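Single-letter residue listing:
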Amino acid sequence: MIEVCSLSSGSNGNAFFIRTGDGCFLVDAGISCKQICLRLEQIGSHVSQLKGIFITHEHSDHIRGLRVLLKKQPIPVYISKKTYRKSKLELDGQHLRFINSTDRIVLEGTEIHSLSKTHDAVDPSLFVFFHKGKKVSFITDAGHPCKNVIDAVRGANILFLESNYDEIMLRDGDYPWFLKERIASQSGHLS
């Protein structure tokens, strides 16, 4: 059995929970430690059950709660070296598990694939979890549907795909032009 829950998604912070049998994981920790713990408890889980945290990229809305969370509970963090360096997190080395965009990791009977995607970050990733013939894909902040995004979507039993703006609202809205261009670019976000 697989359980998934979006603890938070959007500009204010991103954190996604997945339970696959005995394995509990987070994808991103972009809300406060307090909120992560509270929201995990609301869905019948606890931070002590987490076997790993997978970080998609270094933007604050994806890593904001990570440092404090690790002080509360020692959890392995799966992150690319480039993302870690750019994040300026300065985590205890015992927590770090550096990954590449083509890595396949097996934890608690779950295979996790890390794949690159386009976004205006140094080394952005998406993650695909495989457990007992089921596929769960987490794709946040993708600029366009590149091959890896399409592969992650294809055949997914559960899909978290962030598309966070309306083209007309963006065009006609109050954002400055540079921000509109960033959001709508091939390395920005999906509409």
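Use the structure listed above.
A quick note: this is a predicted structure, and the numbers were derived from the prediction, not measured.

For the rest of this paragraph, the subject is the environment of glutamine 73. With respect to the secondary-structure elements, glutamine 73 resides in the loop between α3 (66-72) and β5 (77-79). Those residues in contact with glutamine 73, other than ones at most four positions away along the chain, are Val47 and Ser48.

By secondary structure assignment, the location of aspartate 28 is in the loop between β3 (23-27) and α1 (33-42). Despite its burial, aspartate 28 pairs with no opposite charge, the nearest such side chain being lysine 117 at 6.5 Å. Within the local environment of aspartate 28, its side chain forms a polar contact with the backbone nitrogen of threonine 56, the two atoms lying 2.8 Å apart. Within the local environment of aspartate 28, its side chain forms a polar contact with the side chain of histidine 62, the two groups lying 2.6 Å apart. The contact partners of aspartate 28, leaving out residues within four places of it in the chain, are Asn14, Ala15, Phe16, Ile53, Phe54, Ile55, Thr56, His57, His62 and Thr140.

To continue, consider the pattern of salt bridges. Counted under the stated rule, the structure contains 5 salt bridges. Of the charged contacts, one joins aspartate 172 and arginine 171 as a salt bridge, the two residues approaching to 3.0 Å between their closest N and O atoms. With a relative accessible area of 52%, aspartate 172 lands in the exposed category. Judged by relative accessible area, which is 52%, arginine 171 ranks as exposed.

Aromatic ring pairs are reported here in terms of the distance separating the ring centres and the angle at which the planes meet. Considering all chains together, one arrives at 10 aromatic pairs under this definition. Arranged with centres 5.9 Å apart and planes meeting at 50°, the rings of phenylalanine 16 and phenylalanine 138 form a pair that is tilted. One end of the pair, phenylalanine 16, is in strand β2 (residues 15-20); the other, phenylalanine 138, is in strand β10 (residues 134-139), with 122 residues separating them in the sequence. Neither residue differs from the other here; phenylalanine 16 and phenylalanine 138 are each classed as buried. Taking 5.0 Å as the distance between ring centres and 5° as the angle between the ring planes, the aromatic pair formed by phenylalanine 138 and phenylalanine 160 counts as stacked. One end of the pair, phenylalanine 138, is in strand β10; the other, phenylalanine 160, is in strand β11 (residues 158-161), with 22 residues separating them in the sequence. As far as burial versus exposure is concerned, phenylalanine 138 and phenylalanine 160 are alike and both buried. Counting every residue linked through ring pairs, the aromatic cluster contains Phe16, Phe25, Phe54, Tyr78, Phe127, Phe129, Phe138 and Phe160.

The rules behind the values
Residues numbered from 1 in each chain as written. Predicted model: local features only at pLDDT ≥ 70, side-chain atom pairs only at ≥ 80, totals over all residues. Heavy atoms only, no water. Helix = DSSP H or I, 4+ residues; strand = E, 2+ residues; numbered from the N terminus. Contact = heavy atoms within 4.5 Å. Buried < 20%, exposed > 50% of the residue type's maximum accessible area, 1.4 Å probe, protein only. Lys, Arg positive; Asp, Glu negative; His and termini not counted. Salt bridge = Lys/Arg side-chain N within 4 Å of Asp/Glu carboxyl O. Polar contact = N/O pair within 3.5 Å; in protein donor to acceptor, adjacent residues only side chain to side chain. Phe/Tyr/Trp six-rings, centres within 6.5 Å; stacked < 30°, edge-to-face > 60°.

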